[in-house]
Each structure stands twice: as structure tokens, then as C-alpha cells.
There are 2 protein chains.
Amino acid sequence: MEKIRVLVVGYGNVGRGVLLSLANQEDMEVVGIATRSVERVRKSVNNIPVVSINDPAEFMALSPDVAILCGGSKNDLPQQGPEMVKYLNTVDSFDNHSCIPQYHSSMDAAAKAAGHVAVISTGWDPGIFSLERTLANAFLPGARSYGFYGLSEAGGLSMGHSDALRTIKGVADARQFTHAVSEAVEQVRRGENPDFSAGDMHTRECFVVLEAGADAAAIEAEIKAMPGYFAPYKTTVNFVTQEELNSKYNGFPHDGCVVAASTTGAGNPASIEYRCRWASNPEATANVLVAHARAAVRMNKSGDCGAKTILDIPPKLLSSQSYEDLLKKFM
Amino acid sequence: MEKIRVLVVGYGNVGRGVLLSLANQEDMEVVGIATRSVERVRKSVNNIPVVSINDPAEFMALSPDVAILCGGSKNDLPQQGPEMVKYLNTVDSFDNHSCIPQYHSSMDAAAKAAGHVAVISTGWDPGIFSLERTLANAFLPGARSYGFYGLSEAGGLSMGHSDALRTIKGVADARQFTHAVSEAVEQVRRGENPDFSAGDMHTRECFVVLEAGADAAAIEAEIKAMPGYFAPYKTTVNFVTQEELNSKYNGFPHDGCVVAASTTGAGNPASIEYRCRWASNPEATANVLVAHARAAVRMNKSGDCGAKTILDIPPKLLSSQSYEDLLKKFM
């Protein structure tokens, strides 16, 4: 079997997760890492070529079939995506939900011009959760699909909100955990299809390390008033030492669910719920990206090109199992 | 918008559910019911043409785009499926898991010869659960996917096991509820990927109405010894009156889940769980069949033919939403 040759673009948490995930795939292999920081990344990896993302001749010399773009949605992907897909198939986790139509359109044009497949906006949300929202709506017409995050006791670590806390003057370090409001989940499960505002569904718990001499009360007030990030939510602020933060609130745990409930035919209650729990959010995202890289290569080999989401992909293409085995063991 | 024209084949619980489901679809309409019992069905429906399943000229005169085959897997579909797909696209819920590869092959040949699409073995299991097993395995390589049924307090009504009880001499009526073994579900959630025998995962609860003069103890012993159906399971037999059966154990409730747990990258625990609850199992199956009828027509219009399962279908084709709306509201 010829293995699918993967170029990993970016070497942050997700990029490292992709390398670990590829090591577990029998039908795929990593051919190199493309990065803006060649020297720095070369110090951390062994036996994998590290090349410059700005030198297409260099990364294409590794003969990759597909690039997994592990950069961020804000600064990296809008520019990097359309540029990379000129050279090869791509997969990314562009997760700025409101900009997905626009990103799709830009990637679609670039991918079609080059004859490549660009799988965009995949991971667990957007990605698996997008699929589950679509399926729930198709199978239970009239049901609204709701996404909840941080249903586990610890809650889910939000990188974006942790970063927002760290921008505040006087904050040395911080991490933010999102919690689902249990009663809101129950309302959806009961089929009430409620109208929620953001603050009805989630609460926010902050663990903040102060700089020496910082004013705790003023910082707590500033956090709670932060528009978009914290103001709409019931927010708790806990001041901790750096040691406590490092030992008790470490890692990248996250979890969530998609819930939809309505009735079938003669008014019989029906509900669907998809739930996932990840001790490492970036590794989970990486696993999903890797399965989609397999699909991207297969779709392109069968003559397809353009921007694709998880909603465009026949699910069998995500699996390493043969169609015969899927019929026999998975149907 | 031109509506998708659906022929409903068979008028049992699922067929009636399909009619109710079609009434809720803006882009689809029922054009007729094809049945072996034309006279009987005509007495129960108004304003819908009822035609003979044995008269292709008659049912094709209704200009259907797709037939939803609501017959049983044992006696109806193996013969009816390959025959119907000669004339039009079909969707069915063939659910004899071990015979799916063989049924696929027979439907694939017939569908390709006729240039039609035959979506086979869809519903919630096989169907949604097959998809979720495949996705869980693709996203968490090494995780085994387990299916549990009857997690709700009432358990899930098994039609097959209820029928088996009714074949016993001295049994006037009966219904069988399946229950998941909670500790087994927890083992899977913990990522133990255990080896189960069937009896470790489910128990069986029977509600039996005796004929006058029947020997309760002998019947209970006969039930518990029934190979395949009850012998491998912890089985409880409750004798009830017909009135109790009708009032307390009525309807067709069912529920279940697919659970898979393993680790990502550096050994971080991860789990995926898909859960559904249906007050009416046949209506839920009907809703899934109807969404697949939409996909079958779309695939055929785009030039595709042959046997398809849920694993072959780009999920967007199941949805009545436009691609623009899917990108904007569901991604």
C-alpha cells in the first residue's frame, strides 16, 4: 500500500497533535513540517524534515499529497490557506463561525483554479458538531440543535478566553474554564427548543495569577465587564498562585455536546445527543484533521476539486477500513 | 421548487410513519402507497392513491422519483428490493446485519443495471449508528464502538423478541423490553474496550399474557431456555393481564447509544457517545428513511447509481437546507 504523504504546516499544539496522530495511522506518513520558525522547530524534532513555509520549491520537493494547516483562524489561515492550496490539497480547522461562508468562497476559488481539494473548518466544532447539527435537523425536522461546552465537572478550557484574560494589565497568567448550565441542557433535552441568550447556556470560571502589586478587585471588575468575552456571562474569578495554576488547572481538557429534541410523526417525543470528552482538545482536533486529510486525497484522486466541508464528504472516505470491512463490521 | 415524489411501499408501522414524516417535508410529497393488500389499505387512507405492488405500470403511472420500502428484512426486502429498483430509486431499512454485504451486492447489481440509486440498510441501526461507529473509529483509531439499547428506565421494545414470545404455546400476547447493563456502559466509557459476550451488555424483560389454563412455570422456563433470543441473557418474565399490557407497556419506545473511548496522541483519554431516544421507534426509522430518499434522488440526478449506504452519502444531501444555509447556520 502506498501511504498518504502529509505535510504538517505549523508546529503549535495542534501541529504536535497531528504528528502524534499520524504515528498511529497505518496508511499515512508525515513527510515534513513547514513553519515560519525553521530554526526553532528543528531543535524540537528529530528525523522529520523541517522546511520554510515560504519556500514552495522546498516543501513540494518532499512530494506531499496533502498539507494539514495547523495555524490559527485569525491571522494564519485567511492568507495561508489560499496560498497553500495552489500547490497541494489542504485540510484546516478554520473556526471563526461567522466567516466560514467567506473563507469557503475564497478557498473554493483558489482550490478549483489549482485542481486541488481544500477541506475547510474541520475539527470537533466546527467539524463533527456541524455534521451532528445537520443530521439532527435532517432526521428531526423542526428540532433546533444546541451546542453545549464544558459539561464535565472540570469544565472545558477555552484558549480564546484565557488569552483575553492575559491581555489585562496586572494579570501574570490565567486560564478560563467554560461550564454548561445544566438546567439549560435539560430544557433542550425535554424538547422545549428554548430561545437562549449566550449567558443562559454557559458560565465562565477564571483562574488568575496576579502580578506583584496588582489590584485584585479592579481586575475582577475589569474581567466581568469585558464585552463579548465575559460581560454576557455569569463569571467567577479565582485568584491563584502560578504553582496552583500549573498543577491544578493544566492541560487542554474540553468536552461538549450537540442536543436536539422534538417529536416524530404523531407527536412522539424524540431526541438526539452527541457527546464528546477530550483530555486534550488539540489532540482531538488533530485526529479529526488527519481523518479528513485521508478523505481530501481520496476525493482529489477521484477527480474532485474545490472547497469541501465535512458535509460534502462521504463518511467512508474518512475511514482507513476497506469498504468490505465497513459493510461487514460497521454497518 | 419541484417536490420529490415518493412512493411508499408497505403500510405497516414504518409505512404509516413515513406518511406522517412526508407531511412535514416542504420539498417532498407522497404520490401513492404500493401494497399487497390494496383493498385493506384503501379502507384506512384518504386522498392517497393505493396501488398494487405487483403492478409496475400502475405504480409508475404515479411518476414517483423514489420508493421507500417499508417491508421486513426477512421475507420482503430480499425479493422486493432488487425487483423495485428496476423501476426507480429505492430506500430501505434492511436490518439483518450479518446479511448486509450480500444484500448490498444483490441491490448494487440490480440498481446499476437499471441506472438507479438504492440506499440500503438505513434507519437508526443500521443507519445512524453505523455512521457513528465508523466516525468514532476514524477519529479515535483503536477505539472499539459499542452499541447499547434500552438505557432509559422503561427500556426499549424489541419487536423481534416480542414476536418470539408470541410463538410459544400458551402465550396469548407479549412484549419484550431490552435493558442496557449500566456497568457495561460505564466500562466502555472508561476506555477499557472490554470483550463482552451478548449477555454482558443487555438484559431482557418480558411481559407475558397467558392463555387460560396455561402453565406459567413451564412457559417461564421455555422462554429462558430459548436459544439466541433469551438463553444468553439474564431474562425476567412478568405475567400480566391483557389490560395491563395494553395500558402500561404499549407503544414502540426505543433508545440506544454508540459509545467509543480510547486515547489521543500522548495517551490522553477521549470518548465519543451518540445517544438517541424515541417514543416511537417506527416513526424515528421513518424520519431517517425520508431524509435518505431525498439523498437518493439527488445522487441519481447527479448521475450516480448503484447500492449506497449512509457511509457513501455526502451528509448535505440528507438535508432540506440550502448549502448556503448549511455553511451559515450549521457549520
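Details of the structure are given in the entry above.
Residues numbered from 1 in each chain as written. Chains lettered and ligands numbered in written order. Predicted model: local features only at pLDDT ≥ 70, side-chain atom pairs only at ≥ 80, totals over all residues. Heavy atoms only, no water.

(A) Helix α12 (residues 281-301) of chain B, seen in detail. All names here are of chain B. Taking 1.5 Å per residue as the helical rise, α12 with its 21 residues ought to reach 30 Å, and the 31 Å between its terminal C-alpha atoms agrees with that figure. Of all 21 residues in α12, 18 are buried; the element is thus mostly enclosed. Regarding α12, its N-cap is S280, as a side-chain oxygen of that residue lies 3.2 Å from the backbone nitrogen of E283 further along. Two residues or fewer after α12 comes G303, characterised by a positive phi angle close to 100°. (Helix = DSSP H or I, 4+ residues; strand = E, 2+ residues; numbered from the N terminus. Expected span 1.5 Å × (residues − 1). Buried < 20%, exposed > 50% of the residue type's maximum accessible area, 1.4 Å probe, protein only. Polar contact = N/O pair within 3.5 Å; in protein donor to acceptor, adjacent residues only side chain to side chain.)

(B) Main features of the sheet that holds strand β6 (residues 117-119) of chain A. Residues and elements named next belong to chain A. Across the sheet, which stays open at both edges, the 7 strands sit in the order β3-β2-β1-β4-β5-β6-β14 with parallel pairing between neighbours. Here the strands that pair on one side only, and so sit at the sheet edges, are β3 (50-52) and β14 (306-308). When the angles between neighbouring strand axes are averaged without regard to direction, this sheet yields 25°. Pairing of strand β2 (residues 28-35) with β3 involves 3 bridges; the strand directions are parallel. Paired with I33 across the two strands is V50, which belongs to β3. Packed on one face of the sheet, helix α4 (residues 77-84) meets β1 (4-9), β4 (66-69) and β5 (89-92) and runs near 180° to β4. Sitting on the sheet, helix α12 (residues 281-301) is in contact with β1, β2, β4, β5, β6 and β14, with an inclination near 155° to β5. (Pairing = 2+ DSSP bridges. Axes fitted to C-alpha atoms, helices over the stretch in contact; angles between N-to-C directions. Contact = heavy atoms within 4.5 Å.)

(C) Structural context of the sheet that holds strand β14 (residues 306-308) of chain B. All names here are of chain B. Spatially, 7 strands are ordered β3-β2-β1-β4-β5-β6-β14 in an open sheet, and the strand pairing comes out parallel. The outermost strands of the open sheet, each flanked by one partner alone, are β3 (50-52) and β14. Strand-to-strand twist of the sheet, defined as the mean angle between neighbouring strand axes without regard to direction, takes the value 25°. Relative to strand β4 (residues 66-69), strand β1 (residues 4-9) is paired through 4 bridges, and the arrangement is parallel. Across the sheet, residue V8 finds its bridge partner in β4, namely I68.

(D) Spotlight on the relation of the copies chain B and chain A. Expressed as a screw transformation, the operator carrying chain B onto chain A has a rotation angle of 180° and an axial translation of 0.0 Å, and the superposed copies differ by an RMSD of 0.0 Å. The transformation just described matches what one would write down for a two-fold rotation axis. A shared interface surface links the copies, since 100% of the contact residues of chain B are contact residues in chain A too. (Least-squares fit on C-alpha atoms with pLDDT ≥ 70 in both.)

(E) Just the interface of chain B and chain A, in detail. Across the contact, 60 residues belong to chain B and 60 residues belong to chain A. For the pairing of chain B and chain A, the buried interface totals around 5,500 Å² over both sides, and the portion due to carbon and sulfur atoms is 61%. Interface area lost by chain B to chain A is led by F139, F330 and M331 of chain B, which between them contribute 15%. The tally of links between chain B and chain A comes to 4 salt bridges. R277 of chain B is the partner of E273 of chain A in a salt bridge, and the nearest nitrogen-oxygen pair spans 4.0 Å. In this structure, the connection of chain B to chain A is made through 34 residue pairs in polar contact (both at pLDDT 80 or more). Contributing elements (two or more residues each) for the side of chain B that touches chain A: α5 (100-114), α6 (128-139), β13 (268-278), α12 and α13 (323-330) of chain B. For the side of chain B that touches chain A, the leading source of residues is β13 of chain B, giving 11 residues. Residue composition of the side of chain B that touches chain A, grouped by class: 33 nonpolar, 17 polar and 10 charged. Pairing of strand β13 (residues 268-278) of chain A with β13 of chain B, which is carried by 9 bridges, proceeds in the antiparallel orientation. If you follow R277 of chain A over to β13 of chain B, its bridge partner there is S271 of chain B. (Buried area = accessible area lost by both parts, 1.4 Å probe. Salt bridge = Lys/Arg side-chain N within 4 Å of Asp/Glu carboxyl O. Nonpolar A, V, L, I, M, F, W, Y, C, P; charged D, E, K, R; others polar.)

(F) A look at the nonpolar core. Residues V18, M84 and F139 of chain A together with V18, M84 and F139 of chain B are the most contacted members of the largest nonpolar core, which totals 162 residues. Apart from residues lying up to four places away in sequence, M84 of chain A is in contact with L7, V9, I53, F59, A67, L69 and T90 of chain A. (Core = buried A, V, L, I, M, F, W, Y, C linked by side-chain atoms within 4.5 Å.)

(G) Up close: the environment of E222 of chain A. All names here are of chain A. As for its position among the elements, E222 is in helix α10 (residues 216-224). Since its relative accessible area comes to 43%, E222 is described here as partly exposed. A C-alpha to C-alpha distance of 27 Å links E222 and G72, two positions 150 residues apart in sequence.

(H) Spotlight on the packing of helix α1 (residues 13-22) of chain B against α12 of chain B. Residue and element names in this part refer to chain B. Interhelical geometry of α1 versus α12 gives an angle of 55° and a closest axis separation of 8 Å. When the interaxial angle is binned, α1 and α12 end up oblique. Pair α1 / α12 crosses with right-handed handedness. Together, N13, V14, G17, V18, L20, S21 and L22 of α1 and P282, E283, T285, A286, N287, L289 and V290 of α12 make up the contact between the two elements. Class assignment for the residues of the contact of α1 with α12 results in 8 nonpolar, 5 polar and 1 charged. (Parallel < 35°, antiparallel > 145°, perpendicular 65-115°, else oblique. Left-handed = near helix turned anticlockwise from the far one by under 90°.)

(I) Region of the structure containing the pairing of strand β10 (residues 202-210) of chain A. All names here are of chain A. Where strand β9 (residues 171-180) lies against β10, 9 bridges are found, and the strand directions are antiparallel. By the bridge assignment, A174 is partnered in β10 with V208. Note that the unit made of β10, α10 and strand β11 (residues 234-239) has a crossover that is right-handed. (Right-handed = clockwise from strand over helix to strand, strands pointing away.)

(J) Main features of the packing of aromatic side chains. This model, assessed by the stated rule, comprises 24 aromatic pairs over all chains. Judged by centre distance (5.8 Å) and plane angle (85°), the ring pair of F59 of chain B and Y87 of chain B falls under edge-to-face. Taken as a pair, F59 of chain B in helix α3 (residues 56-60) and Y87 of chain B in the loop between α4 (77-84) and β5 (89-92) lie far apart in primary sequence, 28 residues in all. Classification of F59 of chain B as buried rests on a relative accessible area of 1%. Taking relative accessible area as the criterion, Y87 of chain B reaches 30% and is therefore assigned partly exposed. With a centroid separation of 6.1 Å and 85° between ring planes, the pair formed by F129 of chain B and Y274 of chain B is classed as edge-to-face. On the criterion of sequence distance, the pair formed by F129 of chain B in helix α6 and Y274 of chain B in strand β13 is long-range, its members being 145 residues apart. An aromatic cluster is built from W124, F129, Y149, Y274 and W278 of chain A, whose rings are joined through pairwise contacts. The ring of Y233 of chain A carries the charged tip of R204 of chain A above its face, separated from the ring centre by 4.2 Å. When the ring centre of Y11 of chain B is taken as reference, the NZ or CZ atom of R16 of chain B above it lies at 5.3 Å. (Phe/Tyr/Trp six-rings, centres within 6.5 Å; stacked < 30°, edge-to-face > 60°. Lys NZ or Arg CZ within 6 Å of the ring centre and 35° of its normal.)

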